[in-house]
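Secondary and tertiary structure notes
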Amino acid sequence: MAPNKFSHLPLSTSGPQDCAITGSALLNTPYLNKGSAFTKQERKDFELDGLLPSRINTLDEQVARAYDQYQTHKTPLGKNTFMTSMKEQNEVLYYRLIQEHLREMFPVIYTPTEGEAIADYSRLFRHPEGCFLSIDEPVNIERVLDRWGPSEDVDIIACSDGEQILGIGDQGVGGILISVAKLVIYTLCAGIHPNRVIPVVLDVGTDNHELLNDDLYLGLRRPRTRGEKYDEFVDRFVQACRKRYPKAYIHFEDFGLQNARKILDRYTSEIACFNDDVQGTGAVTLAAIYAAAHVAGLKLKDMRIMMFGAGTAGTGIADQIRDAIAVESEKSPGDAMKQIWCVDRPGLLLESMKDDLTLAQHPYAKPDDEWKDADHKSLLDIVKKVKPHILIGTSTKPKAFTKEVVQEMAKHVDRPIIFPLSNPTKLHEADPKDLFDWTDGKVLTATGSPFPPVEMKDGRKREIAECNNATLFPGVGLGAVLSRTRFLTPSLLVAATKALAAPAPALQDPDAALLPDVTDVREISVEIAAAVIKKAVQEGLAQEKDIPTEDGELEEWIREQMWKPEYRQLRKVRKEEGSRVARGEAGSRGMVRG
Ligand SMILES: NC(=O)c1ccc[n+]([C@@H]2O[C@H](COP(=O)([O-])OP(=O)(O)OC[C@H]3O[C@@H](n4cnc5c(N)ncnc54)[C@H](O)[C@@H]3O)[C@@H](O)[C@H]2O)c1
Ligand SMILES: O=C(O)C[C@H](O)C(=O)O
Ligand SMILES: [Mg+2]
């Protein structure tokens, strides 16, 4: 298929690339640098002679060498640091290296190791990457954002205030690294252009005492600002993004419980935005539930579901399950909620606790009357009474799903569906191996971080699906960016969830994983993006014109616009002729856009 088959490819990423910089400036521009792979002609054209050893490598040779270097680092965090420096030197090589060792490197550049890197941010700091906005500095946010290029140049802005990073809590300014990591996943898994994104941290202080007492801590060393002043700061940021990059999609990550939902509710009908912990987690979990229900031979509308840990992720998942039940059974959302029990620190959420519940938790509170004869505090007792089919952990409480709890559940249902989703790995509510052992292999499970396959008593291996929002959010973002949808509505998310659920291996083989494997994620992202785009067009939300609609063509149009880690031929242009990209104009870390 000719690459230029489509009359309109807004984000074409192939063909020669203009370059107006030379010499060491070029070697220090990670987006354009090819290191030892610069060709003879490029070395001549770009004044690189004398700056490189004479041997010219292929990208494959560079990948092999880099992989050898990677393996000399013995700890996951050491490997993570090595990869960060690789990214600062040569982006094509960085992404190609990961792509070729995806299963091995995913946990190093993302959950769980990224959690360690974030917790140690100020100590490991070498080089800033991203946009740091501090509530105490009255900067003009638009002017800061301007460094990332003109209005057409940015597709996704990922932003965190660092308050609830994974399950490791308040990490303050270190939250920048979750924005960076999520954007890496967008590029890796959905071909989002690595130089058309902005990672942002909103530094509003920290309530983490260790950081407050750490002389090396790089963020604002004072308690978090909350209330009106915080809301106003977030609003200034969102409005600046909207003004500067009206077509960009905003990804909110790891905000605290009080703010995550509030921010999403406030902006979801104003701009194209997404909260990964609420919506991404909800959608990926629902996709895994569909596969598990299929294997168990049950319908969601007939199941009892229990959430353990009813925070941002827990209530996000509960809401998606509620909506799915309502659609499946034609029940009202209020009736659908009767099948969902939310448990948090004080035990089962009851109506008498309403004053202490968040707005998202409120509707799930159960009448106290129903529990006057039973203990609503211990998980075991609640499981005894509710007899759930599904138990989902988003509590950050490690090992909360004990043998007793799991076996109690297994007494009442044939195939207990148990998802310990708390990240990083050490916070998982249960180890999948134990879940299999305690239920004689009957459990249907998926986990928030990657786990190796579990060997069964008969020697067969079971793959454990990774139920992490990373299988979903990249495809949703790709669909949102390519359609330039005005908003990310619930129906677009439903379409994405269905597209993710369709290729689940368990639908073909009941012993297989409940979700597609992370190594297939690029193709799955194409399917998710296609579903999102079709829905956006149908609902009149797509601002992009000329989106091909014929079967197969849309997918091809999507693939053509996905960035790939390949060297493009560099074409020399004079500074005056070059675009911003070609001129190597810098964002915060000497990055060029385009
Ligand atoms: N797998 C994924 O894709 C995914 C996505 C989002 C979040 N998560 C994980 O889920 C966890 C929660 O994240 P969040 O953003 O919802 O955090 P959160 O702080 O908003 O929610 C955590 C909830 O758990 C409750 N909790 C804490 N200790 C508890 C206990 N001992 N018993 C019962 N409840 C308890 C808290 O009160 C809170 O309501 C984190 O570990 C996070 O990494 C996983
Ligand atoms: O970041 C992840 O690994 C998933 C999720 O967003 C989380 O907060 O745990
Ligand atoms: Mg998160």
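Summarised in this report is the structure supplied together with it. Throughout, residues of each chain are indexed from 1 in the direction in which the sequence is written. In the order they appear in the text, chains get letters beginning with A and ligands get numbers beginning with 1. Two thresholds apply to this predicted model, a pLDDT of at least 70 for residue-level local features and 80 or more for giving and counting side-chain atom pairs, whereas whole-chain, interface and lining totals are computed over all residues. The side-chain values count all of the structure's non-hydrogen atoms but skip hydrogen atoms and water molecules.

1. Details of the layout of surface pockets
Computed from the structure, the largest pocket encloses a volume of approximately 1100 Å³. The wall of the largest pocket is formed by 47 residues, among which Gly309, Gly311, Thr394, Ser395 and Thr396 lie closest to the centre. Considered class by class, the residues forming the lining of the largest pocket number 17 nonpolar, 20 polar and 10 charged. Points on a 1 Å grid, built from protein atoms alone, make a cavity when a 1.4 Å probe fits but cannot get out and make a pocket when they are open with protein on both sides within 12 Å along at least 5 of 7 lines; residues with an atom within 4 Å of a point are the lining residues. Grid points are joined across faces, edges and corners, and a volume is the space filled by probe spheres set on the points. What the second largest pocket holds in volume is close to 570 Å³. Around the second largest pocket sit 24 residues that line it, and Gln320, Asp323, Pro490, Leu493 and Val494 are the ones nearest its centre. What counts as a helix is a DSSP run of H or I of at least four residues, what counts as a strand is a run of E of at least two, and both are numbered from the N terminus. Ranked by the residues each element gives to the lining of the second largest pocket, the list is headed by helix H15 (residues 312-329), at eight residues. Each residue is assigned to one class: nonpolar for Ala, Val, Leu, Ile, Met, Phe, Trp, Tyr, Cys and Pro, charged for Asp, Glu, Lys and Arg, and polar for all the others, Gly among them. Looking at the lining of the second largest pocket residue by residue, the classes come out as 11 nonpolar, six polar and seven charged. What counts as a domain boundary in this text is fixed by an automatic or database domain assignment. Counting the residues that make up the lining of the second largest pocket, at least three belong to each of domain 2 (126-271) and domain 3 (279-470).

2. Side note on the site of ligand 2
Close contacts around ligand 2 come from Tyr110, Thr111, Leu166, Lys182, Glu253, Asp254, Asp276, Asp277, Asn423, Asn468 and Asn469, and that covers them all. Within the contact set of ligand 2, an oxygen atom lies 3.3 Å away from a side-chain nitrogen or oxygen of Tyr110. Whenever two N or O atoms come within 3.5 Å, that pair is a polar contact, provided that in protein one can donate a hydrogen and the other can accept it, and provided that, for residues adjacent in sequence, both atoms are side-chain atoms. The separation between an oxygen atom of ligand 2 and a polar side-chain atom of Lys182 is 2.8 Å. Among the residues forming the shell around ligand 2, the class breakdown is two nonpolar, four polar and five charged. Residues from two domains meet in the shell around ligand 2; each of domain 2 (126-271) and domain 3 (279-470) gives at least three. Throughout, near means a residue has at least one heavy atom within 4 Å of the molecule or strand.

3. A closer look at the coordination of the magnesium ion (ligand 3)
By definition of the ideal shapes, four donors in a tetrahedron about a metal sit 109.5 degrees apart, and six donors in an octahedron sit 90 or 180 degrees apart. Note: metal donors comprise N, O and S atoms at 2.8 Å or less from the metal (3.2 Å for Na, K and Ca); water molecules are not included, so apparent gaps in a site are possible. In this structure, Glu253 (OE), Asp254 (OD) and Asp277 (OD) serve as the protein donors to the magnesium ion (ligand 3), at separations of 2.0 to 2.1 Å. Motif for the magnesium ion (ligand 3), donor spacing along one chain: E-D-x22-D. Of this pair, Glu253 sits in the loop between strand S5 (249-252) and helix H13 (257-267) while Asp277 sits in helix H14 (residues 276-296); the two residues are 24 residues apart in sequence, bridging distant segments of the chain. When a residue's accessible area, from a 1.4 Å probe over protein chains only, is under 20% of the maximum for its type it is buried; when over 50% it is exposed; and in between it is partly exposed. Residue class for Glu253 comes out buried when judged on its relative accessible area of 1%.

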